[in-house]
Structures are given as structure tokens and as C-alpha cells.
Amino acid sequence: MDLLEREAVLQDLTGHLRAAVVGPGRRALVRGEAGIGKTSVVNRLAQLADPGIRILAGACDPLAAPRSLSPLMDLAPRLGQAVRGALTGALAGTCRPDEVFDCLLADLSSYPSLLVVEDVHWADEATMDLLRYVARRLPSVPTLVVTTYRDDEIGRTHKV
């Protein structure tokens, strides 16, 4: 599948993925208005990834009351038991969110991964905290974190 006018972005992301899985990890932001092809680019990146790279993808939704840690809930089945247990506990209020963050970081440290979080312009505060937490620790994690967002839907004070 060819992506019209997206070859350079895809080539850049592919290079970042190759570099991230051998360390240090990296973060990439893919921005643009609705319908420009952000999802197509990250889906193609996942298709081109080496089979030894775990693909983790989740999305934020345009809900009036955003679901806490929505993208992490989407990809939880592909994560280890420790992350799933901590996530269940955090959502039930029996565990602190930072325990989820620690468990996710440990899980990402165990496998070369591509972590995609789509539509962060709709993210809840917990998801934004998770992304900040992971981003600061990427140098020790064999992961490329790709976040997509609509740059025409955020203001100067948005936390993307």
C-alpha cells in the first residue's frame, strides 16, 4: 500500500522505530487535521515493523467524560499480567495510578515495542500523565511511542 505524500513521514518513523528498539527509546508525534492520514501512517508503520517488535495500539475517544486510561485499556490484552492487574486495581480504586505506570514501564522494558496512542487531543488526565511518565523514562526502554493528534483541535495550553 502506498501512502500518497506520506512516504517521508513513514520513512522517518521507520528509522525511529529501528533506533528505539535497540535503545534508547524514542517518542514521535504525528499531527494533522482530521482525515489527513495519521492513522494510515501508523498502521503502515506497524505493518512494516520487524516481527520481533510487539505492536501495542490504543486510542482516546471523543467522550464528554473520557474513560480513564482508555488507550491502555485497549491494549491491555497484549500486556503482561502485572500491568493488567495494576490497571484493574487502579480503575477499581484499590491501587494508585503510578503503580500502573511502573508496571507498564517494566513491561515495555521487557520487549522491543511500538506503542501507538491515537487521538491524544481527546485524552483524559491520567492518560496524559502516563504519556509524560513514559516519555521521561524512554532512554532505558526499547520502545517507540507514537502519539497522534489533531493540531487544529488543540489550543496553546493543551497538554499534548
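What you are looking at is a predicted structure, and each value in this text was computed from that prediction instead of being measured. Residue numbers restart at each chain and count upward from 1, following the sequence in its written direction. Whole-chain, interface and lining totals are the exception, using all residues; otherwise, since this is a predicted model, local features are given only for residues with pLDDT of at least 70 and side-chain atom pairs are given and counted only at 80 or more. Hydrogens and water are ignored here; the side-chain numbers use all heavy atoms of the structure.

### Examining the sheet that holds strand S2 (residues 54-59)
- Strands sit in the order S1-S4-S3-S2 across an open sheet of 4 strands; the sheet is parallel. Sheet topology places strand S1 (26-31) and S2 at the edges, where each strand pairs with a single neighbour. When strand polarity is set aside, the average angle formed by the axes of neighbouring strands in this sheet is 15°.
- Here helix H1 (residues 7-22) sits on the sheet and contacts S1, strand S3 (113-118) and strand S4 (143-149); the angle it forms with S4, its principal contact strand, is near 145°. Pairs of strands are assigned from DSSP output, requiring at least two bridges between the strands. Put simply, DSSP marks the helices as runs of H or I at least four residues long and the strands as runs of E at least two long, and each gets a number from the N terminus on. Simply put, an axis is a line fit to the C-alpha atoms, just over the touching stretch for a helix, and the angle between two N-to-C directions goes from 0 to 180 degrees. For this analysis, residues touch if any pair of their heavy atoms sits within 4.5 Å.

### So, the nonpolar core
- Within the largest apolar cluster, 31 residues are counted, with the highest numbers of intra-cluster contacts made by Leu72, Leu104 and Val134.
- Counting only elements with at least two residues in this core, the list comes to helix H3 (70-75), helix H4 (81-92), helix H5 (97-110), S3, helix H6 (125-137) and S4.
- Not counting residues up to four positions away in its chain, the partners in contact with Val134 are Leu104, Leu108 and Val145.
- Residues belong to one nonpolar core when they are buried, are Ala, Val, Leu, Ile, Met, Phe, Trp, Tyr or Cys, and are joined through side-chain atoms within 4.5 Å. Note on exposure labels: buried denotes an accessible area under 20% of the residue type's maximum, exposed denotes more than 50%, and partly exposed covers the range between, all computed with a 1.4 Å probe on protein chains only. Within the second largest apolar cluster, 16 residues are counted, among which are Ala20, Val30, Val42 and Ile53.

### Description of the state of the cysteines
- When two cysteine sulfur atoms are found within 2.5 Å, that pair is recorded as a disulfide. Under the criterion given, the structure shown has 0 disulfides.
- With no disulfide of its own, Cys95 lies closest to Cys103 among cysteine sulfurs, the gap being 7.1 Å.
- Taking the relative accessible area as the measure of exposure, Cys103 reaches 23% and is therefore partly exposed.

### Some words on the environment of Met128
- The residue Met128 is located in helix H6 in this model.
- On a C-alpha basis, the gap between Met128 and Leu69 in space is 8.7 Å, while along the polypeptide they are 59 residues apart.

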